[in-house]
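Here is what each chain is made of, one letter per residue.
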Amino acid sequence: MDQENPVVTVEEEFPEAPTPQYEPQRGFIAEWTITIILLLFGTTNLVQAFVIPTGSMEDTLLIGDHLLVDKLAYGPSGPVSKHLLPYSEVKRGDIIVFRYPVDITQTFVKRCIGVPGDHIRLVNKQLILNGKTVNEPYVYHKDRIYRFLPR
């Protein structure tokens, strides 16, 4: 007695699912290359970290303090870039970071007390700007006391 049993195959019951299309992953080297390029671009053009090298602004900024300097703030503006980038003029009271022109390995961190066209005088440790005394509450004058040791 032959009974005919219908044979059901797996393909008929579960049609083949489409294979997912995987995009190839970026390689480790490519990711680090992009990171380094962005980092170099950022530190060259946008922001740079500095460490205060000397005590010339002590009591405002201490030796070893860390600063993040916005390099776009006072950049020279061009005909197109002045509309696209946030350039501004240096103002009195701004703390600026610049390279010493004679030895560019030295970095200076100073407070701006005058802009072009100002007349500046210092009399008895008091700043006179354009003929008017300036109130500078952040200034702390230190007198150097020299002691001579006996020989």
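Everything here concerns the structure above.
Residues numbered from 1 in each chain as written. Predicted model: local features only at pLDDT ≥ 70, side-chain atom pairs only at ≥ 80, totals over all residues. Heavy atoms only, no water.

(A) Geometry of the environment of Arg121. Take Arg121: it is sitting in strand β5 (residues 120-123). Taking the relative accessible area as the measure of exposure, Arg121 reaches 52% and is therefore exposed. (Helix = DSSP H or I, 4+ residues; strand = E, 2+ residues; numbered from the N terminus. Buried < 20%, exposed > 50% of the residue type's maximum accessible area, 1.4 Å probe, protein only.)

(B) Focus on the pairing of strand β6 (residues 126-129). Two strands pair when backbone bridges link them, and β5 and β6 are joined in this way by 4 bridges, in the antiparallel orientation. Across the sheet, the residue bridging to Leu122 is Leu127, located in β6. Linking β5 to β6, which pair antiparallel, is a turn of 2 residues; within it Asn124 sits at a positive phi near 50 degrees. In this structure, the hairpin formed by β6 and strand β7 (residues 132-133) is closed by a connection of 2 residues, where Asn130 is found at a positive phi of approximately 55 degrees. (Pairing = 2+ DSSP bridges.)

(C) Quick look at a nonpolar patch on the surface. A surface patch of nonpolar side chains, about 600 Å² in accessible area, is lined by Phe28, Ile29, Trp32, Ile36 and Leu40. The topology assignment puts Ile36 in helix α2 (residues 28-46). Given a relative accessible area of 45%, Ile36 falls into the partly exposed group. (Patch = residues over 30% accessible without salt bridge, like charges linked within 9 Å, V, L, I, M, F, W, Y side chains within 5 Å. Areas by Shrake-Rupley, 256 points an atom, 1.4 Å probe, with all protein chains shown as cover. Salt bridge = Lys/Arg side-chain N within 4 Å of Asp/Glu carboxyl O.)

(D) Focus on the side chain of Asp94. Relative to the helices and strands, Asp94 resides in the loop between α3 (81-84) and β3 (95-99). Residue classification places Asp94 among the buried positions, given a relative accessible area of 15%. There is a polar contact of 3.0 Å between the side chain of Asp94 and the backbone nitrogen of Lys91. If we skip the residues at most four places from it in the chain, Asp94 touches Tyr74, Glu89, Lys110, Arg111 and Cys112. (Polar contact = N/O pair within 3.5 Å; in protein donor to acceptor, adjacent residues only side chain to side chain. Contact = heavy atoms within 4.5 Å.)

(E) Representation of the pattern of salt bridges. Summed over the entire model, instances satisfying the criterion amount to 2 salt bridges. A salt bridge links Lys91 to Asp94; its shortest N-O distance comes to 3.9 Å. The class for Lys91 is partly exposed, based on a relative accessible area of 44%. Residue Asp118 pairs with Arg92 through a salt bridge whose shortest N-O separation is 2.9 Å. Of this pair, Asp118 sits in the loop between β4 (107-111) and β5 while Arg92 sits in the loop between α3 and β3, and the two are 26 residues apart along the sequence.

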